[in-house]
Structure formats: structure tokens, C-alpha cells
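So the chains spell out like this:
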Amino acid sequence: MEIHKPDAHRREYAYFELPNQLKVVVGSDPHCDKAGAALTVNTGLCDERKDLPGLAHFLEHMLFTGTKKYPKEGEYSEFVKQNGGTTNANTGCYTTNYMFQVKVEALEETLDRFARFFSEPLLTKDCTDREINAVDSEFQAGLTHPAWRDIGILNMSANPAHPFHVACGNNKMLRDDPKEKGLDLYEEMLKFYRDFYSANGMTLSVIGKESIPELEAMIREKFSVIVNKNLSLPRGDAVSDQPPFLPKEWNRLLLQSPVKDVKTLKFSWVLPWQAPLWRSKPKAYATHLLGHEGSGSLTARLKERGLIASCVSSGGGWLEGAFSLLHVQFVLTDGAVHEVEEIGKLLFTYIGMLQKVGAKQWILEEMQRLHRIQFKFMPDRQPFSLAASIAANLQVHPPAEVLSGPVLIYDLDVTGAQEILERLTLEAVRVTHQAKVLEERCTERDSSYDSPMKFEELPDAWRESWCNALHAGSTAEEAVKAAEAVGLHLPHPNPFIPEDLDLKAHGGGGLGHGGASWCAVVRIHEALFLCVIRSSLMPSTAMNALRATVYTHIVQEALSEYSYDADIANCSYSLDIGEGSIIFMAGGFHDKLGVLIQAVAQKMVEIGTSSLDSVPENYYRIVVDRLRDGLRNQAFHSQPLSQAKLRFNELSRRVGVFAPEEFLKELELLTREKICGIVSELFSCCHAEAMIAGNQTPEDAQKLVRDLEETLKIPSTMQELKTIEEAAVPSGRTLWNLESTDKDDPNHAVVAKWQLSRGVREACFLQIVNKILSPKFFDILRTQQQLGYVVGMGIGPSTHFNFLTAQVQTEFPPDYVRSRIDAFFEEHFKWLEEGLEEEEFQTCLKGALSELQMKPKNLSEEFGRYQSEFFQRTYDFDRRDRKIQFLESGQVTLQSLRAFVAEIRAAPLFYVQVRKVLDKEDKPLPENAVVPKDPPDLRILQGYEEGRQQRDELFRTWLPINNKIELMT
């Protein structure tokens, strides 16, 4: 059997079925440098007892507690991480997915551990309480997230007679409620495993360097012992003869008051399960048109009127299995929060037109062509995500189409597309309106996340208005005229569908402007373009940085109709703001890329001139509203760990770095008039640098840069960039105590950062230390001590330094958690110096080397490896190669690693603690646990203001980021 694959996939694929009916797809690539596997079980949340919500998710956690052959808890995760890999799992409504990735040499040993999850798991009873706590921590992490609150309300409003329900699980659901009901959670979990984990419902994908026969032999040996219970689980309409949502309960108005600054309006319909229709994908026609952003689209018209900031049409994702969903969601502007009737009127006018003119063959043909190009040139992926995708797809698609089935449109089904359109009726819609201004009306609470909400009947006036819009005109011609009267019409043929798909002949070499450049010679059909424009205006003040931000966003809004066709044809761009710079990225098929770049550049010189007309009021309002919401969420609704990272960056970098609170203050003073003239201010004193990779000759690349410079009129006279500096952390230990800015978050955060030199030697030793200690850190602080759901170690470079970082988000007192972090490193640094054995050291050394030697699977991955060096102006593009050389040089020995630990001990250590302000008691300390006193040499900064005020006294050494300009011709 031949498995249909994209051009970029070099590996050979094969399908086979084990005697126990477990279905397998393997991928063999003798040149691969990473291996991986994933297994999907065809069961999930909706198969558990409805009176034990979260049971399936709890089982997913329990499977990681050991197997008969490998009984040590945490051994599997430690083995994977030390062998250069990663592991994860997730539980959906109708499937549960497990996956891992490791260095190629460790595949068989990892598979041996992995397979036993499903044949001989211990499901250790002593771990029950700990894993309940882990599930609860996961629940708490999503407590204020809008998406989880939406899911909680969907669960609450489902038909009680239908099996559908969604629950992550928490302490109440998994510990308290079962006790009250007289249920033994552990026994119910065992029963769920026995009843629903069957080989004939499992699909497996394995990616490795071994040959197909070798992979098959390996898998048959390890997975054939999984028991086949001949289980058949119903899906789609077969799940129940009852509807998942009662029509009267569904067809209502749902009001929500969010924690974050979110203003959305969503129209949702329940559809028959669409997965079996994968060949024709009839729902895609509706989502394509309802989410379209080109001329005459719903999005374009609503933006033109200043009513919305964006629109997305989507499905139900992992919630689907008994049914499917179709959503049309609008992000509202401040002025349109109460314009629900008017937005709905335009939506139903558009839907009415689509229904009456009928599904168009030419649109389906264009979609088919776009999907075919998308699949043909789909980039390859790392085994971790690729194997997970294949295993999940194999649940629905035939083996030959596991890669192509989710992408391609095989059959043009005009009738099917029309049937979906006909289901988008007023009687079948749920309208969800979410905004803080609705707080007083949200007098009820959802049963999962306790979020303020309220169901109401759709007002009669809305129904009448929307009904008239939906049925405007009795013929197609009349419906088209009604739509055109409000500025709506079908899209035009897409001009960005590529015509020239030939590969360019490369002459080698690179290109440069202003200091450095990089041009990859890669045999692919696409190209990526990055231009960083560093202006002396932007780092000077928060207001100027804000003006530049608003300017770039207005440019994007002004181009949205034009660029949308390019985007869906895989030719896209972005304009963003960095530290004192405008970051312009574009990518796509080479024959259209230059056209898009020039269109963006031309719009950049048209927006923000001296004329007020060059700053369109509707786009200005959309941008400012969206920016205000984003800044408020960053300032007042970020998770504690995000706050800690943000504040450390503010403290340790000087010039061009501004707090979100500063931007919010300046935003209140900003006007349209202040955007006028910014284009000349930005580009009259600036410096541009470009990096290009992919299907471009050096001559093509140089022309792209020259054309951009000429259009933007970038001068070549700038001699030096404005200096941006990074601080050297003071010696010893420093603690910065901060209060959380999110009044609703129940978590604290503790982050510890050791700062060392940025040298290749230091980076390599830190990578090995992290490889050895990070799985132990996770196992001890999260699994054993249950300090929180988000627990981890990591390493990473800044412009001048290497950092070793440890972090915990927790409901325990932060001083106690910090003491646990200190205790872990004190014990394990000593163990590294005295107890680490050669075998484990060699395993981790090889694991670190395998990560560095991993080849990029696509152009984006390769490009990304050079971006940070380019942004930071270090231009250290061979850094990865030098790290590989150092690790292979023989200088990295167990003895030299032990000596390096002393350097970490001596390195400056900076803690950031974010304390919650929510009036909720911390979790009690474990029995006999105490919070130790801080050592006398600990330097403590109390509060945000004290930290900012003492910064220059605290940080005596500031290192400038490269500001030299070396013009190249």
C-alpha cells in the first residue's frame, strides 16, 4: 500500500496491522536524526461515567506512574529527556493521545517502555492523591482562561440524556465528590482502563532510521501483547438517539463576563459529525467564505464600519466526535460592544445570499487547487508532532491517506456544501456575547469554572431583524442585490495562486546590507524574507514606540483585503515591533513573494504621512481598541510566570524596553494626529538589515532588498544605532518580590535565574546539566512534592549571557517553594560533583549532542535557528556548529562537568517572586514542613517600584548590544 505523502517527506512510509488489530503506520528515514512515536486510543472524556468527570484525564496521568518492567515512577520521562527527547499526552472527548521523541539510537529502548503503558501498567494506587493534585493544578492553570470557560459552559448546557460532557477534573470532582457518592475513584479508573483501552481501538505511528522490516519487527514484538477486547465504540449519530444539545436550550443568547479584556460575539451551529466526509469536506466551503477577509467579505465590511477587529470561522476541534460545530466569531471594537443586532444582520444577509446563489463549483475548484498546492509543498515535521498527527488521523482516515486526508479535497460536493449552508438557520444558532460591560447581567455561574454568565432568550427584535436579513429576496438575484446594498458579495478569483513552481538555480554566496546577512541554499519552492528596520526614533520614548506600533498595525489593516488572498495561497507577511525596530517578515512561493513585499512597502509609505487622511479613522480605532485590550491583558491578566519573565526583562534591559503600564498611559494621550508624519520620522534616520532563505537566487534576494530600500527611501548615512544595553546581574543572590497584577489568579510564581558567560563552552556544559537535572527537577518538585502544574528547568542565551532557569507556578507560599528550589539544587549540585556516574553522564552528553545535530525539517525551522543571532546582531551563525565541535572534542568529561558545577555555584543568582493578591488561602505546607529564614546575604527588593528605583545602583555593569554599522555593497 502506498501512503500519499508531500514532496518534502523523504522517508518511506508503510502500513500494517498487528494480530490484535492494532493499526500501525511507520516512517523510515536512514538519514534522520530524531525518532519518535505516538499512540492514539479511541476513547476519552465522553466515554467516562458522567458522575465521575475527569476520570479519563486522571487515567492518562496514572499511566505515567510506572510499568511492571520499569516500576520506578518518573523513569520513563527521565529516560526520554536524558536521551535528547520530550514526551507528552492529552485527553480529548473521544480520543487520548500519547507521544514521545528521542535520539534515534534510543528508539527501541523507549518503545519498550512506551508499549508497556498499554500492556502492563502498574497504575500505582499510592500515586492516586498525587495525580489528583496534578490534575487539579492543571485545572487551576486554566481557571481564568476564556477558552476553558467556554468549554465549561458548553458542558453545562449539554443534553443530560446525551453522553457528551467535558471535564478536565479537579480535587472536588475526583476526590471529594466520589467520596460523597460512595465511589472508589481508583477502582473506577481501573475499570475504565479495562473497559476502554483495547488494541483494536488503538492506532500507532513510529518514525525512525531503521528499515521498514526492522521497525515492523520491533513493533510486533512490543505491541502485539496488548489485549484486544474487540471493543466497538459508537461515534457520530450512533453515540445516542438523543441530540447533544436540546434545540430550545441551544437556540439562546449566552452572556459572559470574562476576567480578561475580551470583547467577542460568536454565532454557533451544531452539525452532524463531519469527519466521515473527509473526502469532500463540505463544511470547508462555509468556513472559507464566512471567514474570508477579501473585498466584499463580511469581515471587510464590518471592519470598514469600525464594528469588529477580526473574524474567524472555525469548527469544534477536539470536542467533536458525536457532532461537529461551526462557529463565526467576531472580536468587537469598543464602540460595537452593543451592536450585536447590526453585526448579526450583516452576517445573516451574507448567509442568506450564500444559501440562495448556491454553492459555486468554481469556488470549490479553487479551494481544491489551493489544498492540493498546500499538501504538495507541506513542510516536513519533527517526529514528535508528525507521529502524533499520523496516529490521530489513522483513527478516521484510511492508511493510504493519513497524511493527505486532513488536507486534500478529493471530491467536489456542491450538494454537500449547499446542505451545510442550509443548516445555518436562525432557529439553530447560539449567540455568545462576551464583554466586561455585561458583568451586571451575568447573574449566574457556570458549574465548572464558576465564571459569571447568563442564558437569555434571543430578543424578538433581533430575531425579526435577522430573519428579514436571512430571507431578503425570494430569488438568488434579489439576495445578491440585498447583499450588495450593504457592501457584501462573493470573492473574486484568487490572483495569488502560484503559477511558477520551478526551483531556482543557485549560484551560491549570500547578500548583505548593514553588517551581516545569510542566504540559505535549500532545494524548496518557497522563500522566507526578514527585514529589520532599526530607527533612532523608536527606542527614545514609550510614546514613539507606541506610535510606531500603531502605525505598523494600521498598515496591516489597510492591506487586509489585499493580503488575505495571498495568505490563503501560502504567501503571507507580518509587521511587528522589536526593541527599537520594525520587523518585516514575508514568506511564500517565490513568483508572488516580491509582489507582496512591494505591496506592503508601498502601503508603508502611504500610511502616516503628514495628511490626516493617511491615518484612516476606522483602522485607527480598530488598532487602538485591540492594542488597549492586549496591553490590559498583558499588564493585569497575565499568568504569574509570565509576569516574572516580563519584569526581569524590563529590569535587566535598558533603552527601548517599556512596561505595558507605560504604553497604556501613553495610549490615553495618543491621537490620530500623532500618527501623522511618523513615516518620515521612522525612515529618515534608520538602518535596514535583511536575511533571506529558500527558493531565491542571490540576485533575486538582492533585488528584493534594493526594491524595498528604494520604496521606503531608506538612507545610507546612519553611522551608529542607538545603544540598547543588557545588565550583568550583581554577584551573590538577589530576590525581587512582586505583587501579582492579576487579582483573580490563585497562583504564585517563583523563577530562579543563574547568569553565566555567553561562551560556547558555558552553553554546552549548561545543556548537559539541564539534560541531567531537568527530569529530576520535574519529578521531585512536581510529581513528588506536588508544588504546582507548571514546573520546569531550562537554559537559553541572551545577547551577552547564558542563563540556567528554574520555575514553579504554585498555590503554596512562594517563600516555601523557593526554599524547595534551593534545596533541590544544593542537593543535586553536590550529587553532580560527587555522585553522578559515568554511564548517566555519557547518556546525557549524547542526548545533548543529538539535539544539536538534529537537522531542520523545513525552511521555517532552519530560518528560526539564525533569527535570534540576527535580531541580537551577534551574527554568530555558526554557534550551533561550534557547540557540536566542542561536545565532540573530548573536552567535555565527567571530571570537567564536575568542575563546571563550581562555576554555577559562584554565578549570580536572581529570583523573581510574584505573590498572588487574590483573597484565597495558600495550600497548607506538608506535615512538619517549615519556611526557612532567608540567609543574611540575600539581597531583597520589595515591590515593583523599589526594583525600578534601585536598578542602576543594583546593576553596575551594562553591556551594549552591537550598535555598529558596517555598510556592505
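Residues numbered from 1 in each chain as written. Predicted model: local features only at pLDDT ≥ 70, side-chain atom pairs only at ≥ 80, totals over all residues. Heavy atoms only, no water.

For the chain, the name recorded in an unreviewed UniProt entry is Insulin-degrading enzyme, with Durusdinium trenchii as its organism.

Points about the pairing of strand S22 (residues 748-757)
Regular strands place side chains that alternate from one sheet face to the opposite one. In terms of residue burial, S22 counts as a mostly covered element, since 9 of its 10 residues are buried. Summarising the sheet, S22 and strand S24 (residues 801-810) pair through 10 bridges and their orientation is antiparallel. What sits directly across from Gln755, in S24, is Phe803. Summarising the sheet, S22 and strand S25 (residues 909-915) pair through 6 bridges and their orientation is antiparallel. (Buried < 20%, exposed > 50% of the residue type's maximum accessible area, 1.4 Å probe, protein only. Helix = DSSP H or I, 4+ residues; strand = E, 2+ residues; numbered from the N terminus. Pairing = 2+ DSSP bridges.)

Looking at the sheet that holds strand S2 (residues 23-28)
Pairing in this open sheet of 6 strands is mixed, and the strands run S1-S2-S6-S3-S5-S4 from one edge to the other. With one partner strand each, in any of the chains shown, strand S1 (12-17) and strand S4 (86-91) form the two edges of the open sheet. Across the sheet, the axes of successive neighbouring strands diverge by a mean angle of 10°, strand direction being ignored. Across 6 bridges, S4 lies against strand S5 (residues 96-103) in antiparallel orientation. If you follow Ala89 over to S5, its bridge partner there is Tyr98. Sheet strands in contact with helix H1 (residues 55-62) are S4 and S5, and its direction is about 160° off that of S4. Strands S1, S2, strand S3 (34-41), S4, S5 and strand S6 (202-208) of the sheet are contacted by helix H14 (residues 383-393), whose axis makes an angle of about 30° with S3. (Axes fitted to C-alpha atoms, helices over the stretch in contact; angles between N-to-C directions. Contact = heavy atoms within 4.5 Å.)

Some points on helix H13 (residues 361-376)
End to end, H13 covers 22 Å across 16 residues, agreeing with the expected 22 Å (1.5 Å per residue, within 8%). Among the residues of H13, Ile363, Leu364, Glu366, Met367, Gln368, Leu370, Ile373 and Phe375 are the ones counted as buried. Check the buried side of H13 and you find it contacts helix H10 (282-290), helix H15 (414-422), helix H18 (542-568) and strand S17 (581-589). (Expected span 1.5 Å × (residues − 1).)

Some details on the packing of aromatic side chains
Within this structure, the stated rule accounts for 48 aromatic pairs. Plain terms: the ring middles of Tyr193 and Tyr197 are 5.2 Å apart, the flat faces sit at 35° to each other, and that makes the pair tilted. You can call Tyr193 buried: its relative accessible area is 11%. Given the relative accessible area of 2%, Tyr197 is considered buried. Considering the side-chain rings of Trp754 and Phe829, the 6.2 Å spacing of their centres and the 75° angle between planes classify their relative orientation as edge-to-face. One end of the pair, Trp754, is in strand S22; the other, Phe829, is in helix H26 (residues 814-834), with 75 residues separating them in the sequence. Taking the relative accessible area as the measure of exposure, Trp754 reaches 6% and is therefore buried. (Phe/Tyr/Trp six-rings, centres within 6.5 Å; stacked < 30°, edge-to-face > 60°.)

Observations regarding the UniProt feature "domain: Coenzyme PQQ synthesis protein F-like C-terminal lobe" (unreviewed entry) in the chain
What UniProt calls "domain: Coenzyme PQQ synthesis protein F-like C-terminal lobe" (unreviewed entry) maps, in this numbering, to residues 769-866. Annotated as residues 769-866, this span is 62% helix and 18% strand, and its ends, taken at the C-alpha atoms, are 24 Å apart. (UniProt positions renumbered as here; feature names shortened; annotations may be inferred.)

Things to note about the sheet that holds strand S18 (residues 653-654)
Within the open sheet, the 3 strands sit side by side as S18-S20-S27. Their pairing is antiparallel. Only two strands of the sheet have a single partner each, and these edge strands are S18 and strand S27 (958-960).

Focus on the pattern of salt bridges
Oppositely charged side chains can pair when the atoms bearing their charge come close. Evaluated as defined, the whole model comprises 70 salt bridges. The salt bridge involving Asp7 is made with Lys376; its shortest N-O contact spans 2.9 Å. Here the residue Asp7 occupies a position in the segment before S1, and Lys376 occupies one in helix H13, the gap between them amounting to 369 residues. Taking the relative accessible area as the measure of exposure, Asp7 reaches 45% and is therefore partly exposed. A cluster of three or more residues bridged by salt bridges with shared partners is formed by Lys69, Glu108, Asp112, Arg116, Glu120 and Lys222. (Salt bridge = Lys/Arg side-chain N within 4 Å of Asp/Glu carboxyl O.)

Concerning the confidence of the model for the chain
Chain-level statistics for the chain give a pLDDT mean of 93 and a share of 97% at 70 or above. The low-confidence segment residues 506-523 (pLDDT under 50) makes 59 contacts with residues lying over four places distant or belonging to another chain. (pLDDT = per-residue confidence, 0-100.)

Structural notes on the UniProt feature "domain: Peptidase M16 C-terminal" (unreviewed entry) in the chain
In the numbering used here, UniProt assigns the "domain: Peptidase M16 C-terminal" (unreviewed entry) feature to residues 186-369. Spanning residues 186-369, this segment combines 38% helix with 19% strand, and its end C-alpha atoms are found 52 Å apart.

Section: the packing of helix H12 (residues 340-357) against helix H17 (residues 476-485)
Running from N to C, H12 and H17 cross one another at 155°; their axes reach a closest spacing of 8 Å. The pairing of H12 with H17 is recorded here as roughly antiparallel in orientation. Seen along the crossing, H12 lies across H17 with a hand that is left-handed. Between H12 and H17, the residues in contact are Thr349, Gly352, Met353, Lys356 and Val357 and Ala476, Ala479, Val480, Ala482 and Ala483, respectively. Residues belonging to the contact of H12 with H17 are distributed by class as follows: 7 nonpolar, 2 polar and 1 charged. (Parallel < 35°, antiparallel > 145°, perpendicular 65-115°, else oblique. Left-handed = near helix turned anticlockwise from the far one by under 90°. Nonpolar A, V, L, I, M, F, W, Y, C, P; charged D, E, K, R; others polar.)

Some details on the nonpolar core
Counting residues in each nonpolar core, the largest one holds 73 residues, and the members touching the most others are Phe114, Phe118, Phe164, Tyr197 and Phe223. Sort the elements by how many residues they give to this core and helix H7 (residues 185-196) lands first, with 7 residues. Residues within four places of Phe164 in sequence aside, it is in contact with Cys46, Lys50, Cys93, Tyr94, Leu154, Ala158, Phe245, Leu319 and Phe323. Ranked by size, the runner-up nonpolar core spans 66 residues in total, among them Cys531, Ala542, Leu627 and Cys676. (Core = buried A, V, L, I, M, F, W, Y, C linked by side-chain atoms within 4.5 Å.)

Thoughts on helix H19 (residues 590-606)
Over its 17 residues, H19 runs 25 Å from end to end, which matches the ideal 24 Å to within 8%, given 1.5 Å per residue. Among the residues of H19, those classed as buried are His590, Lys592, Leu593, Leu596, Ile597, Ala599, Val600, Ala601 and Met604. Positioned one or two residues after H19, Gly608 has a phi angle of 75°, which is positive.

So, empty space enclosed by the protein
Counted by the stated rule, this structure contains 8 cavities of 30 Å³ or more. Along the wall of the largest cavity there are 14 residues; nearest its centre are Ser137, Asn747, Gly788, Tyr789 and Gln809. Secondary-structure elements contributing two or more residues to the lining of the largest cavity are helix H4 (128-141) and S24. In this model, the second largest cavity occupies a volume close to 70 Å³. In terms of lining residues, the second largest cavity is bounded by Leu63, Phe64, Gly66, Thr67, Tyr70, Lys72, Glu75, Tyr76, Arg113 and Phe117. Considered class by class, the residues forming the lining of the second largest cavity number 5 nonpolar, 2 polar and 3 charged. (1 Å grid on protein atoms, 1.4 Å probe; cavity = no way out; pocket = protein on both sides within 12 Å on 5 of 7 lines; lining within 4 Å. Points joined across faces, edges and corners; volume = space filled by probe spheres on them.)

Looking at the pairing of S6
Where burial is concerned, most of S6 is hidden: 7 out of the 7 residues are buried. Both faces of S6 are covered, namely the face carrying Met202, Leu204, Val206 and Gly208 and the face carrying Thr203, Ser205 and Ile207.

Notes on the environment of Gln786
Secondary-structure assignment places Gln786 in the loop between helix H25 (760-784) and strand S23 (790-797). A residue is classified by how much of its surface remains accessible, and Gln786, at 11% relative accessible area, is buried. C-alpha separation for the pair Gln786 and Val914, spaced 128 residues apart in sequence, amounts to 19 Å. Ignoring anything within four residues of it in the chain, the contact list for Gln786 reads Arg130, Asn133, Ala134, Leu781 and Phe812. Looking at Gln786, its side chain comes within polar contact range of the main-chain oxygen of Arg130, at 3.2 Å. (Polar contact = N/O pair within 3.5 Å; in protein donor to acceptor, adjacent residues only side chain to side chain.)

Considerations on the environment of Val605
In this fold, Val605 is placed in helix H19. Through-space distance from the C-alpha of Val605 to that of Ile678 is 9.8 Å; in sequence the pair is 73 residues apart. Beyond its immediate sequence surroundings of up to four residues, Val605 is in contact with Tyr551, Val679, Thr711 and Leu712.

Describing the packing of helix H2 (residues 75-82) against H25
Across the interface, H2 lies against H25 with an axial gap of 9 Å and an inter-helix angle of 155°. When the axis of H2 is compared with that of H25, the two are roughly antiparallel. In the crossing of H2 with H25, the sense of the turn from one axis to the other is right-handed. Residues Ser77, Glu78, Lys81 and Gln82 of H2 lie in contact with H25, whose contacting residues are Lys771, Ile772, Pro775, Lys776 and Phe778. When its residues are assigned to classes, the contact of H2 with H25 shows 3 nonpolar, 2 polar and 4 charged.

Quick notes on the side chain of Asp446
By secondary structure assignment, the location of Asp446 is in the loop between strand S12 (444-445) and strand S13 (452-456). Notably, Asp446 is buried but unbridged: the nearest opposite-charge side chain belongs to Arg149, and the N-O separation is 5.7 Å. One polar contact links the side chain of Asp446 to the main-chain amide nitrogen of Tyr449, over a distance of 2.7 Å. Setting aside its immediate chain neighbours within four residues, Asp446 contacts Gly152, Ile153, Met156, Ser451 and Met453. (Lys, Arg positive; Asp, Glu negative; His and termini not counted.)

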